[in-house]
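The primary structure of each chain is shown beneath.
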Amino acid sequence: MLRYPMIYLIVIVHVPRMISFVDEPTILTFIGSFVTEGLARTGIPMLTCISGFFVFHKALDLNLPLLLRKRFVSLVTPLLVWNVPVVLALYVVQSQGLIDYDFAVRKTMYPFDPMIWVNGIFSVTDYPVNYPMHFLRDLFVICFFAPVMGLSLRRYPFMGLIALLVMFVPDFDGLLIRNNSMPIMFYIGGMATTMNWDLKRLDKYAIPLACLLLLVCAVVVFTGAGRPFWVRVLAPFAVWPASSMLLGTRTGRWLIEHSRASVFLFMFHGLMLLTLKAAFPRLYSSEYAFYAWLMLPVFVAITSQFAYLLLDRLFPGFLTVLLGGRKATAHKVATVNS
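Reading the values: rules and limits
Residues numbered from 1 in each chain as written. Predicted model: local features only at pLDDT ≥ 70, side-chain atom pairs only at ≥ 80, totals over all residues. Heavy atoms only, no water. Phe/Tyr/Trp six-rings, centres within 6.5 Å; stacked < 30°, edge-to-face > 60°. Helix = DSSP H or I, 4+ residues; strand = E, 2+ residues; numbered from the N terminus. Buried < 20%, exposed > 50% of the residue type's maximum accessible area, 1.4 Å probe, protein only. Axes fitted to C-alpha atoms, helices over the stretch in contact; angles between N-to-C directions. Parallel < 35°, antiparallel > 145°, perpendicular 65-115°, else oblique. Contact = heavy atoms within 4.5 Å. Nonpolar A, V, L, I, M, F, W, Y, C, P; charged D, E, K, R; others polar. 1 Å grid on protein atoms, 1.4 Å probe; cavity = no way out; pocket = protein on both sides within 12 Å on 5 of 7 lines; lining within 4 Å. Points joined across faces, edges and corners; volume = space filled by probe spheres on them.

Q: Where do I start with the packing of aromatic side chains in this structure?
A: Geometry of an aromatic ring pair is reported as the spacing of the ring centres plus the angle between the planes. Tallied over the entire structure, the rule returns 19 aromatic pairs. Between Tyr91 and Tyr110 the ring centres are 5.6 Å apart and the planes differ by 75 degrees, which places this aromatic pair in the edge-to-face class. Highlighted residues: Tyr91 in helix H4 (residues 64-96) and Tyr110 in the loop between H4 and helix H5 (114-122), separated in sequence by 19 residues. Its relative accessible area of 31% is what places Tyr91 among the partly exposed residues.

Q: Sorry, what's going on with the packing of helix H8 (residues 157-168) against helix H9 (residues 182-194) here?
A: A pair of packed helices can be characterised by two numbers: the angle between their axes and the separation between those axes. Interhelical geometry of H8 versus H9 gives an angle of 170 degrees and a closest axis separation of 10 Å. On the basis of the axis angle, H8 is roughly antiparallel to H9. Seen from H8, the contacting residues are Pro157, Phe158, Gly160, Leu161, Leu164, Leu165 and Phe168; seen from H9, they are Pro183, Ile184, Tyr187, Ile188 and Met191. Of the residues that constitute the contact of H8 with H9, the class distribution is 11 nonpolar, one polar and no charged.

Q: Help me understand the layout of surface pockets in this model?
A: Summary: where empty space remains is shown by rolling a probe the size of a single water molecule over the atoms. Taken as a whole, the largest pocket spans an internal volume of roughly 1,700 Å³. For the lining of the largest pocket, the secondary structure elements donating two or more residues are helix H1 (3-14), helix H3 (43-57), H4, helix H6 (134-143), H9, helix H11 (229-243) and helix H13 (259-279). Considering every element that reaches the lining of the largest pocket, the biggest residue donor is H3, with seven residues. When its residues are assigned to classes, the lining of the largest pocket shows 29 nonpolar, eight polar and 11 charged. Taken as a whole, the second largest pocket holds about 950 Å³ of empty space. Residue lining of the second largest pocket: 33 residues in total, with Val13, His14, Tyr127, Tyr131 and His134 positioned closest to the centre. Mapped by element, the contributors of at least two residues to the lining of the second largest pocket are H1, helix H2 (27-38), H3, H6 and H13.

This is the structure in structure tokens:
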């Protein structure tokens, strides 16, 4: 249920940002900064925490070859099938001078540079051409540390957490993990399952915790704190209980039914935003910048949904490959068969 809203928040983050509230304090810049600098920063941490929960809940850390095979299909395969065609297309466009656009260095595929091509596909030391997908790359790298994390979780869980904080908060790992909150959130997800946390314990505080999260986001905006690390750590303890208010509702059921489509949205939106930026370079700097920021995620989500439904109807096997092996749910299959 949480997957779609968290991924939609990620889409918002990747829309070129407006002027911040600190630089130009108005109602519109407050709304923009409140979402992009506060609320939307809970997306990646929440998804990473859930991923860590399932890895250790299924004890995949005890079978590293199996874990890497599964995650290669679900995380590395999408890097190939989404990035390789774009790298090749950019090479053709740039070598033939088909459009007049000033590409960033990491998206300059002509003249040929092996490292730029490797990064464009696999995001080894820089962002890939479909830039949001560096999340998949980081998640795959974290899986290599799952056995050590699992050992710590089952013996010295809090010592392991402290060690991760010491390593990743000051960014001692360098380029190994680009998003330094992810290993910590992955580990916290592991703590939830290995320490048998009652995941419904905070549900009765759903409304106060939701209000606390909104207050924290407002404080971040007013103080110009940027992207404080502790806000991301707060995400599971506020977003998870708050989401319980959607259980059993029409909205909650819709989000569950569109969980797979949201994965397609995650992989699709970077290319869509890149295309729109190339086609309308002044869209984000005009007097209508706020409305562009507000409506673009909606437009991208609707376009993504149409593309997803079209592929699901005409090329379901290819769609499964695009989604890293994620197949239609059993409920959907049963509906189609009936």
